[in-house]
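# Chain and residue survey
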Amino acid sequence: MRIHQHGLRLRPSLALGAVICLFLAGCGSSSSSSSASSSAAGGSSSASTTASSSSASASTGTSSCGSKAGVAATGTPINLGTINTKQPGTDFTDIPNMESAYFACVNANGGVNGHPVKLFVETDQTQPSQIAAAASKLISSDHVVGIVGVTDLLECTIDQAYWKKLGVFEINSGIAPECWSTPNSAAVNMGPRYSSDGAVQYAIAQHASKIVFDQSNVPGTGYIAGGPAALAAAAHVPITQLTENVPITDASSVAIKEVDDAGPNGAVILNYTPPEALVILQAAQKLGLEDRVKLWGCSTPCNTDFLAKALGPKWDHKLFVNAEFTPPDGNNDPEFQLYRAVLKQYGSAVSGGIGSFSQFGWVEAKFAVQALATIKGSYTLKSVNAAFKAIKNYKTAMLCQPWTFGNYAFHIPNNADYTTTPSNGQMITAQGCTGISSADPQIAAYHKIAG
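First, a word on scope: everything that follows refers to the structure included in this document. (Residues numbered from 1 in each chain as written. Predicted model: local features only at pLDDT ≥ 70, side-chain atom pairs only at ≥ 80, totals over all residues. Heavy atoms only, no water.)

## Concerning the overall build of the protein
Tallying secondary structure elements over the protein gives 12 helices and 16 strands in all. Taking all 451 residues of the protein together, 60% fall into the buried category. Roughly 15600 Å² of accessible area belongs to the protein as shown, and the carbon and sulfur atoms make up 53% of that amount. (Helix = DSSP H or I, 4+ residues; strand = E, 2+ residues; numbered from the N terminus. Buried < 20%, exposed > 50% of the residue type's maximum accessible area, 1.4 Å probe, protein only. Areas by Shrake-Rupley, 256 points an atom, 1.4 Å probe, with all protein chains shown as cover.)

## Some details on the pattern of salt bridges
Side-chain pairs of opposite charge can arise whenever the charged atoms involved come near each other. Enumeration according to the criterion identifies seven salt bridges in this entry. Salt-bridge contacts for lysine 137 lead to glutamate 122; the nearest nitrogen and oxygen are separated by 3.2 Å. Placement of the pair is lysine 137 in helix H2 (residues 128-140) and glutamate 122 in strand S6 (residues 117-124), with a sequence separation of 15 residues. Glutamate 335 is the salt-bridge partner of lysine 366, the closest N and O atoms lying 3.0 Å from each other. With a gap of 31 residues between them, lysine 366 in helix H10 (residues 356-372) and glutamate 335 in helix H9 (residues 334-346) connect regions that are remote in the sequence. You can call lysine 366 buried: its relative accessible area is 17%. (Salt bridge = Lys/Arg side-chain N within 4 Å of Asp/Glu carboxyl O.)

## Things to note about H2
In a regular helix each residue adds 1.5 Å, so 13 residues correspond to 18 Å; H2 covers 18 Å between its end C-alpha atoms and thus fits that length. Where H2 is buried, its residues contact strand S4 (78-87), S6, strand S7 (146-150), helix H3 (155-166) and helix H11 (381-389). (Expected span 1.5 Å × (residues − 1). Contact = heavy atoms within 4.5 Å.)

## Some details on the nonpolar core
The biggest cluster of nonpolar side chains holds 51 residues, and the ones touching the most others in it are Leu80, Val342, Trp362, Leu372, Phe388 and Trp403. Listed by contribution, the elements that provide at least two residues to this core are S4, helix H1 (94-108), S6, H9, H10 and H11. Sort the elements by how many residues they give to this core and H10 lands first, with 10 residues. Core analysis: the second largest hydrophobic core is formed by 29 residues, Val254, Leu281, Ala283 and Leu289 among them. (Core = buried A, V, L, I, M, F, W, Y, C linked by side-chain atoms within 4.5 Å.)

## Quick word on empty space enclosed by the protein
Empty space within the second largest cavity amounts to approximately 60 Å³. Ranked by residue count, the leading element in the lining of the second largest cavity is H3, at four residues. Residue composition of the lining of the second largest cavity, by class: two nonpolar, four polar and three charged. (1 Å grid on protein atoms, 1.4 Å probe; cavity = no way out; pocket = protein on both sides within 12 Å on 5 of 7 lines; lining within 4 Å. Points joined across faces, edges and corners; volume = space filled by probe spheres on them. Nonpolar A, V, L, I, M, F, W, Y, C, P; charged D, E, K, R; others polar.)

## Notes on the layout of surface pockets
One way to see where empty space is left: roll a probe the size of a water molecule over the atoms. Estimated volume of the largest pocket: approximately 240 Å³. Cys65, Tyr102, Lys366, Val369 and Gln370 are, among the 15 residues lining the largest pocket, the residues nearest its centre. Mapped onto the lining of the largest pocket, the elements with two or more residues apiece are H9 and H10. If one sorts the elements of the lining of the largest pocket by residue count, H10 sits on top with four residues.

## Considerations on the state of the cysteines
Scanning the entire structure with this criterion turns up four disulfides. A sulfur-sulfur distance of 1.9 Å marks the disulfide that ties cysteine 65 to cysteine 105. Given an S-S torsion of about 90°, the disulfide between cysteine 65 and cysteine 105 has right-handed geometry. With a gap of 40 residues between them, cysteine 65 in the loop between strand S3 (45-50) and S4 and cysteine 105 in helix H1 connect regions that are remote in the sequence. For the pair cysteine 65 and cysteine 105, one class covers both residues: buried. (Disulfide = S-S within 2.5 Å.)

Structure below.
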């Protein structure tokens, strides 16, 4: 895959490092067993999902998930864990739900060397004590040997010291700054900062005279805002930073403020979950504001057919969305065919369907299974995390470039993106793989250590 180095870079193009934000609920079927419980004291919930399916559950379309088509895995389960934010306005649970769907398919077709993979899911409401307790429970009570698929507003911040102490190397779809700035965390996605960079970068390339960057008022907004601010400064384009409490209660006022601040040749860039972005965009349309700016943009969460269908044709080729993963619509690569088949057969709990969030979960689960398959001997905390850390140049049709965990002080392995736009109820590609600008100092620093 050819990566285009964007003109915003402040120095000559660098080779990008190895190789997509945000958000959307236990996967169950006749071929899987699941249990769930809620903690009245903390308000967190946990669920474990395993799938020891019979051979009858493996269809022609999904039998390539594992090494033994149609043969259910019956060995000792390999326990993995994840922690995800789930609260009003911010729900990331589509990601572990897609992981569970992938593992169910793998387990129905041989598992990992005959072992089924079991995923324990913890959710939280952005309470540090809740998140720390969830991490401890996964290790001490659920006896997980790896952490995969975490998508949480605070988890990387709260648990990074704990994982470092235990030697846990977490594969996540990150949000908090520590997901990209600490040695024991590597994200398959870009996260809200670098995804917002991509959306702002595209708007600047289209010669927007001003950027209005609006995001949800949740932990980490200052860190996220730093990337777009750096890109705008490097291009000598003024930027206005806005935040809104979620759930949004007066979308019309928000849309009017954004458009007034941007002006007719400016761009409005949103960093919200799909439901929140949708209410802003629908309010803008109701008020006739969709054509009052040069373009509208959005970070990765908007890259979903749910949004394209809900918005309708008035937004076709007017909204430009950062896509941290390869746009799935119209892509007939064998991996995308399998992804759709698994989503259809095992992914009933993935409410957002085809889109970035389910792609996050897919790639995290796929890389975990691939790494687990390299282990000789027992699946222990030590052996599993050594395998995760050793991931190098893993390839997937979902990403612009191969993905590496690596022995680095911090990790930004996914730093190239697509841009998509709605068209007839689907998100189509508006711009191919493009490296995120090194005008963001964090991207520049990663290139320096990883190449």
